[in-house]
Every structure is written in structure tokens, then in C-alpha cells.
Amino acid sequence: MRFELTNNDFADRALRPLGYPDINIFMNHLYLALNIPNEILREPFTVHSFPTKRRHLLVPAIHLNFSILSLLNNLDLNILQAELFYSEPNFFSDIHTDYANNTNDISKINWLIYGENSLLNWYDTSANQHLRSISSAIDGNIYKGYNLNECTLIDSTDLCRPSLIQAGVPHNSVTRDEPRWSVSLTLFDRLTKQHAKFSDVASRFSQYIIQ
Ligand SMILES: [Fe+2]
């Protein structure tokens, strides 16, 4: 069953943010595959509509699938930022955490385009000490980088379906024979008025989670 909301529902649920399913059942997840449209870019846009093989670009909302935007809106979620990442074949990206104000709980929904057999990996880091802070020239955000020698692999997914991912835990991507593009939406929670937390987003998408 999908959430079908009227304006009155929005007003009512804003007063009752616990109207979504219990968030505790999603606490230990780093990713959840979602049964939502595979096409995040709106026709006629494709990855080839963007400057060729740039590592990191921002994507204007007009390039995004309107049905996804509508779904997020219905679930009380806004898009803080839409990004396109490119990785060449046989690439092992830096292990890093994404940026957010004073939180290590950062929800993103990722769509993979090409990149067959590529992986998104998560790591535990010894002493949780980041090696360096990297300022992105694209969006001005700070990414914390980690030394591979101090990291232990804890989980991995091939992102073969659109997925909610936890970007606040150290992670990186690994490609095989194909180049890989990924579109990543960073989410803002209209109910809590802050970065959307993974468990809250999972709760709202509970009808769409692929078990
Ligand atoms: Fe990341």
C-alpha cells in the first residue's frame, strides 16, 4: 500500500511525526534496496548529458524523474542536494564519510548507472580517527578521509536496485570492468527540520523496502 496523502493528512501528520512505522527495526542497517523507479534521470537526460567523466557534479532538479520527486514529497522529505559521481573501471575510491552538520547519520538514496559488478563498501575504523578532511570544490562540503590500513570491511552492496544508504559511516566504491555513474540524493526531513536520519527515511519507505 502506498502512502496517499491529502493536504489535511500533511497538516495532521506534521503534529504526529510518529505516524510512520517504528524506526528501531532499521537501526543496524547501512543500506536498504528500494522498489522505486530505476530511472532517476528524466528523459531526455542521461549521464551523457553531463560533462564527460567528471568525478563529481551537481545535478539540477529539472534533470530528475518527477515521480521520484513526488514520492519524496509525499514522504515529508526534501532533496538537499543531487549529485552525479563518475568512477572509471577498476577504481578503488578513497574511504570517506560524507559531510553533515554535527551528525554521523546521513541518508542518501543512490541509483547506479552502468558499473556492473561494482560495490559500495562500508568500514569500521580503528579509533575512529579520520586521516584528513577534504573540502569539495563542487559543493564546499567537507569529507573525512580514512587510511585503508586502519579500516575493516563490515558490509557491502552491489546497488543493483535504487537503495537508501548510510553515508555517515566510512565507505567507498570499487568498480570492475565497467565505468560507473551514480546519482545520489541527500535528504532533508521536513518533520524534524534537519538532515534526514537513516532510520526515519527507512520508516517512511517501509512499503518500498525489498526484503
Ligand atoms: Fe560518500
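Model, not experiment: these values are computed from the prediction.

**Some remarks on the confidence of the model for the protein chain**
In this model, the protein chain carries a mean pLDDT of 86, and residues with pLDDT of at least 70 account for 88%. Here helix α1 (residues 7-15) is the element of the protein chain with the lowest mean pLDDT, 42, and strand β10 (residues 163-166) is the one with the highest, 98.

**Structural notes on the environment of S182**
Structurally, S182 is set in strand β12 (residues 180-189). What makes S182 buried here is the crowd of 23 C-beta atoms within 10 Å. With 97 residues separating them along the chain, S182 and F85 place their C-alpha atoms 5.2 Å apart. Leave out the neighbours within four places in its chain, and S182 touches F85, N110, W111, L112 and I113.

**What to know about unusual backbone geometry**
The residue after E43, namely P44, is reached through a cis peptide bond having omega 10°. Positionally, P44 belongs in the loop between β1 (31-33) and β2 (56-58). A positive phi angle, near 50°, is found at L159, a position not held by glycine. Tracing the sequence through the fold places L159 in the loop between β9 (151-157) and β10. The residue K193 is not glycine, and still its phi comes out positive at about 60°. Mapping K193 onto the fold places it in the loop between β12 and β13 (194-195).

**Details of the environment of L41**
Mapped onto the elements, L41 comes out in the loop between β1 and β2. For L41, a count of 21 C-beta atoms within 10 Å puts it in the buried group. Taking C-alpha positions, L41 is 5.7 Å from H63, a pair spaced 22 residues apart along the chain. Those residues in contact with L41, other than ones at most four positions away along the chain, are T46, H63, L64, N65 and V183.

Reading the values: rules and limits
Note on numbering: residues in each chain are counted from 1, in written sequence order. Only residues with pLDDT of 70 or above have their local features reported here, since the model is predicted, and side-chain atom pairs are shown and tallied only from 80 upward, although totals for entire chains, interfaces and linings are computed over all residues. Scored between 0 and 100, pLDDT is the confidence that the predictor attaches to each residue. Runs of E in the DSSP output that reach at least two residues are strands. Runs of H or I that reach at least four are helices, and both are numbered from the N terminus. Neighbour counting defines burial: a residue surrounded by 20 or more other C-beta atoms within 10 Å of its own C-beta is buried, one with 12 or fewer is exposed, and intermediate counts give partly exposed, using backbone-placed C-beta atoms. A pair of residues counts as a contact when their C-beta atoms, built from backbone coordinates, are separated by no more than 7 Å.

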